[in-house]
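So the chains spell out like this:
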Amino acid sequence: LAEGPLTGRRIIVTSGPTHEPIDPVRYIANRSSGAQGTAIARALSMLGAEVVFVTGPADEPRPEGAHVVEVETAKEMKDAVDAALPADAAIFAAAVADWHVDGASDSKIKKQDGKIPSLSFAENPDILASVSQSGKERPALVVGFAAETDDVIENATRKRVRKGCDWIVANDVSPETGIMGGRENAVVLISDAGAEHWPRMEKDAVARQLAERIAAALENN
Ligand code: C5P
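No experiment lies behind these values; they were computed from the predicted model shown.

1. Quick word on the overall build of the protein
From N to C terminus, the protein includes 5 helices and 14 strands. By its C-alpha atoms, the protein is 65 × 35 × 35 Å across when sized along the principal axes. For the protein, with 221 residues in total, the buried portion stands at 39%. Counting only contacts in the protein whose residues sit at least 6 apart along the sequence, the fraction spanning at least 24 positions is 63%.

2. Focus on the site of the ligand
In the region of the ligand, 14 residues are neighbours, and Phe92, Val96, Ile127, Leu128 and Gly144 sit closest. Of all the secondary structure elements, the ones that give two or more residues to the shell around the ligand are α3 (127-132) and β9 (141-148). At 3 residues, β9 tops the list of elements feeding residues into the shell around the ligand. Here the shell around the ligand is built from residues that sort into 9 nonpolar, 3 polar and 2 charged.

3. Comments concerning helix α5 (residues 203-219)
With 17 residues, α5 extends 24 Å from end C-alpha to end C-alpha; this agrees with the ideal 24 Å at 1.5 Å per step. Inspection of α5 places Lys203, Val206, Ala207, Leu210, Ala211, Ile214 and Ala215 among the buried residues, and these make up the whole buried set.

4. Some points on the nonpolar core
One finds Val13, Ile40 and Leu44 to be the most contacted residues of the largest nonpolar core, which totals 57 residues. Aside from chain neighbours lying at most four places away, what touches Val13 is Gly37, Ile40, Ala41, Leu44, Val51, Phe53, Ile91 and Ala93.

5. Some points on the environment of Arg9
The topology assignment puts Arg9 in the segment before β1 (10-15). The sequence separation of Arg9 and Leu44 amounts to 35 residues, and the corresponding C-alpha distance is 9.7 Å. Leave out the neighbours within four places in its chain, and Arg9 touches Ala49, Glu50, Asp88 and Leu218.

Thresholds, definitions, all that
Residues numbered from 1 in each chain as written. Predicted model: local features only at pLDDT ≥ 70, side-chain atom pairs only at ≥ 80, totals over all residues. Helix = DSSP H or I, 4+ residues; strand = E, 2+ residues; numbered from the N terminus. Buried ≥ 20, exposed ≤ 12 C-beta atoms within 10 Å, placed from the backbone. Contact = placed C-beta atoms within 7 Å. Near = placed C-beta within 6 Å. Nonpolar A, V, L, I, M, F, W, Y, C, P; charged D, E, K, R; others polar. Expected span 1.5 Å × (residues − 1). Core = buried A, V, L, I, M, F, W, Y, C linked by C-beta atoms within 7 Å.

Encoded structure:
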């Protein structure tokens, strides 16, 4: 493990999409690549942190130096995060599905003449909100992400208050930005001090800058 300003700190990072099963062979997912979350885990390890990396199914190479926990569903991600607490900080970069299929089938749904199945959904646990609002075990620093396509700052500012986290890293994921699945990111860091616009840069550079900010925030803790 590298030595640095985060040596002795334990940090949880969630990353990637979740897969919510319809039946044993089908699932609902989203377009998260896990690139930004993986880069953050790597940057935190490089500053000396003990990182628990909880990831949904993603093709990214696993961050070296981190303790990797692979999960599939939002429910499994929540259980893995809860099991990893307590921690000094928790960074929620995963694109968690908002819903799972209610009553997913244990056997493959067969194609039947003239019959089209319909799915009903039930809400998933909000991992960020539950950790932010947990009492005794709340990490000193809780960071959420907000991927928006409209009114980025307004929505993210409201999200910070609603979830109860300390910071929101907001970004515009409109298709024309090329951010989702791309190498670069342009983020706005939202804290109780307001909104700080970072220039567009590689996801690795966003991760390094964020890791440094996290180290500075934990310094007096
Ligand atoms: O509400 P929304 O999904 O836009 O919030 C995004 C933030 O909340 C991200 O940090 C994401 O990782 C986290 N989140 C979560 N559990 C959910 C939904 C979102 O941890 N069920």
